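Structural characterization, general
Chain by chain, the residues:
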Amino acid sequence: MRNLVEAIRPLLGSVMSQLGVAELDWNDLLAGSTDSAFADVAMPCHSLSRVMRKSPNVIADEILETLGSSTDGVCEVSSVNGFLNFSADSRWLAGLLQDALSDDRLRVSTEESRVIVIDYSSPNVAKHMHVGHLRSTVIGDALNRMLTHKGHRVVPENHIGDWGTPFGMLIEHLIDMGVEKGSQDIDLSTFYSDARAKFDSDSEFASRSRARVVRMQASEPETIELWQMLVDRSLIHFNEVYQRMGVLLTDDDIAGESKYESALPGVVDKLTETGMLEESDGAKVVYLEGWKNRDGDPLPLIIQKADGGYNYATTDLACILDRIENVGSRDFLYVVGAEQAQHFSMVFDVARNADFMDEEVNSIHVSFGLVMGTDGKKLASRTGGAVHLNDLLLEAVERADAIVAQKNPSLSDEERSEVANMLGIGAIKYADLSTDRTNNYTFEWEKMLSFDGNTAPYLQYAHARICSIFSKDGIDRNSIREANIYLNHEREMALGRALIAFPEAFDSACSSHSPHKLATQLHTIAQAFASFYEVCPVLGSEGETRGSRLALCDLTARTLQTGLDLLGIASPQRM
RNA sequence: GGGCGCGUAGCAUAGCCUGGAUAAUGCACUGGCCUCCUAAGCCAGGGACCGCGGGUUCGAAUCCUGCCGCGCCCGCCA
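Residues numbered from 1 in each chain as written. Chains lettered and ligands numbered in written order. Predicted model: local features only at pLDDT ≥ 70, side-chain atom pairs only at ≥ 80, totals over all residues. Heavy atoms only, no water.

Here's the deal with the sheet that holds strand S4 (residues 83–88)
Heads up, the rule is: Two strands make a pair as long as DSSP finds a minimum of two bridges between them. What counts as a helix is a DSSP run of H or I of at least four residues, what counts as a strand is a run of E of at least two, and both are numbered from the N terminus.
The four strands lie next to each other as S1-S2-S4-S3, forming an open sheet whose pairing is antiparallel. Single-partner strands in this sheet number two, and they are strand S1 (31–32) and strand S3 (75–80). Note that S1 and strand S2 (residues 41–44) share two bridges and pair antiparallel. Across the sheet, the residue bridging to Gly 32 is Val 41, located in S2.

Some words on unusual backbone geometry
Phi at Arg 53 is positive, roughly 55°, even though this residue is not glycine. Within the secondary structure, Arg 53 sits in the loop between helix H3 (48–52) and helix H4 (56–67). Backbone geometry places Ala 126, a non-glycine residue, at a positive phi of 75°. Relative to the assigned elements, Ala 126 resides in the loop between strand S5 (115–119) and helix H6 (134–149).

A word on the packing of helix H18 (residues 456–473) against helix H22 (residues 543–566)
The description of two helices packed together rests on the angle between their axes and the distance between the axes. Operational definition: Axis lines are fitted to C-alpha atoms, over the contacting stretch for helices. Their N-to-C directions set the angle, which ranges from 0 to 180 degrees. Small angles under 35 degrees read as roughly parallel and large ones over 145 as roughly antiparallel, with 65 to 115 read as roughly perpendicular and the rest as oblique. Left-handed describes a crossing whose near helix is turned anticlockwise from the far helix by less than a right angle; the clockwise case is right-handed. A contact between two residues is defined here by any heavy atoms of the two lying within 4.5 Å.
For the pair H18 and H22, interaxial distance at closest approach is 9 Å and the crossing angle is 140°. It follows that H18 is oblique to H22 by the angle criterion. In this structure, H18 crosses over H22, and the sense of that crossing is left-handed. Across the interface between the two elements, Leu 459, Gln 460, Ala 462, His 463, Ile 466, Ile 469, Phe 470 and Asp 473 from H18 touch Arg 546, Leu 550, Cys 553, Asp 554, Thr 556, Ala 557, Leu 560, Gln 561 and Leu 564 from H22.

Observations regarding the protein's contact with RNA strand B
We apply this condition: Think of it this way: one heavy atom of a residue within 4 Å of a molecule or strand is enough to make that residue near it. Each polar contact in these results corresponds to two N or O atoms within 3.5 Å; when the atoms are within protein, one needs to be able to donate a hydrogen and the other to accept it, and residues that are neighboring in sequence are counted only if both atoms are side-chain atoms.
Looking at RNA strand B, there are 61 residues lining it, with Ser 280, Lys 305, Phe 451, Asp 452 and Tyr 461 nearest. The sugar-phosphate backbone supplies 52% of the atoms of RNA strand B found within 4 Å of the protein. Here a phosphate oxygen of RNA strand B and a side-chain polar atom of Lys 305 are 3.0 Å apart. Between a phosphate oxygen of RNA strand B and a side-chain N or O atom of Ser 531, the distance comes to 2.9 Å. In terms of residue count, the dominant contributor to the surface near RNA strand B is helix H21 (residues 515–535) (eight residues).

Some details on the environment of His 463
Turning to its location among the elements, His 463 is positioned in helix H18. As for His 463 and Met 575, which are separated by 112 residues in sequence, their C-alpha atoms are 9.7 Å apart. The contact partners of His 463, leaving out residues within four places of it in the chain, are Ala 557, Leu 560, Gln 561, Ser 571 and Pro 572. Looking at His 463, its side chain comes within polar contact range of the main-chain oxygen of Pro 572, at 3.0 Å.

So, in structure tokens, the structure goes:
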């Protein structure tokens with residue numbers, strides 16, 4: 001109820017100055033009510049007792065009296081137990097809804113545009129994407145969509161694991177497999193583990209692999225060609241998964257570790273210049289204030305290993321420099337699991353201390369918890385290995401297909417298959433996005449695909465129901481953009497309140513990088529709609545009521561569709 | 001041992017940043033509602049010492065602090 005607070009504030013301001021209360025003493029008190037049963041906006045007057053030397057009850061009464069009729073047409077005001085309660089006036093609310101109705105952006109404002117880099121997904125070359133990449137991909141993609149909608153230029157960066165010592169064995173394995181077959185034929189499901197097994201058991205293979213790493217780092221053309229085959233094969237796989245998921249990432253967003261390889265010595269040089277770099281057991285490291293290891297000794301961030309190789313930390317630092325110097329961004333989001341919190345904290349510290357980032361740079365680790373199985377442990381396949389993401393997506397669509405076939409047999413095979421795709425993928429994404437990302441979440445098919453509760457299908461169903469109203473009577477949705485809205489029924493008011501809160505929920509979701517705040521509001525809207533729809537006939541009503549209700553339906557559908565789209569979830573017209 | 005995070009009805013969660021009233025939502029449970037726009041739904045009801053103890057405050061799920069429990073991280077992986 002941000003709008004109502006802002007509408008009331010000036011009215012209250014003049015009253016408070018009449019009563020001789022300083023702005024500082026009351027300004028923060030006016031806020032959305034904690035319980036909508038009381039009011040939309042409330043002001044507890046208890047802390048004013050000290051200033052006004054009266055009881056909260058008397059103060060609230062006095063303010064109410066002084067406000068007089070100034071709030072007419074905006075809200076109704078009452079005084080209860082030392083609280084001033086403000087309830088939105090139906091005409092005032094209807095006015096806002098009409099603004100939203102005629103607005104393509106549904107009253108969502110844009111911010112001054114910034115260039116925001118979002119680091120997400122980050123699968124590994126020569127491996128299948130697995131469940132470990134799910135949350136980063138889903139959350140990162142939602143943030144990409146949300147912040148773009150908020151007016152920013154988002155630069156997605158997909159830091160695929162495409163470099164480092166494992167590639168020696170991967171390339172040698174590729175040679176053993178018969179390169180002439182072409183990269184299309186590489187079977188990623190066992191490629192990495194086969195190579196690893198050979199590396200561990202076959203010393204001849206292992207030494208070839210080590211030699212190959214050296215040749216790779218020397219950019220030997222033949223080796224790079226083989227490496228490229230592995231990358232290309234993997235990109236085909238990544239893109240297949242991204243397309244199935246409906247994720248925005250493309251090959252243009254690939255920023256693998258190899259991209260920064262040539263910049264790594266420069267990072268070492270720069271850190272050497274600052275005098276931060278120290279030597280420890282042959283490695284070049286930075287010691288940071290406040291970090292201790294298990295034994296209580298200072299814990300370093302390793303910049304260059306004793307063997308001359310580099311770590312992830314160095315790549316991250318090179319990447320930070322690249323973003324500032326080449327990408328032109330000062331806002332970095334890292335959508336990476338919570339277990340890497342310490343790593344990022346240390347990298348950011350070094351980057352700031354070395355002046356790679358000044359105070360204007362916002363570098364944020366957007367962390368998230370684990371995907372858990374119903375057994376309470378980290379989700380794994382029956383054999384204990386990582387669950388392949390593609391399998392997970394296929395199963396979701398398959399399960400959705402079976403449900404849709406049962407619930408709505410009238411759909412054609414083609415339409416059912418489209419709908420199943422939207423429902424299945426939407427269900428997986430929504431399950432992830434609808435709870436606070438910092439918590440672990442439990443992966444449960446039955447729950448996420450249920451049509452009851454805070455699930456994607458429930459929201460999609462609400463949207464589809466509205467679409468069917470319009471298609472039933474062949475009403476052109478654009479024709480009601482200028483309709484007058486009248487909120488005469490209690491449930492129309494409730495729906496109106498839910499819809500009005502959409503922009504502020506979205507803003508809050510953006511600023512805290514928490515998609516669940518948007519999801520929660522969408523669920524509230526869908527619930528309010530279902531409740532309204534039950535008792536307020538739309539097509540069966542007449543005159544201005546019919547026009548008004550059609551407008552409410554259109555606004556609800558567009559809000560749900562927009563909101564789901566911002567989360568990366570499709571809204572079927574029928575289901 | 002140190003650091004970070006989490007702990008809210010049987011289960012899953014929101015609210016915590018920025019303190020405010022009878023702690024919100026969903027699942028599950030109980031009872032009602034389809035000659036009527038998708039019952040894939042709606043309405044009503046029961047169910048919570050907000051992990052435990054201190055402190056700050058007129059007021060604490062929310063802020064501070066000490067415990068307890070769980071998870072993750074803690075030197076050449078990413």
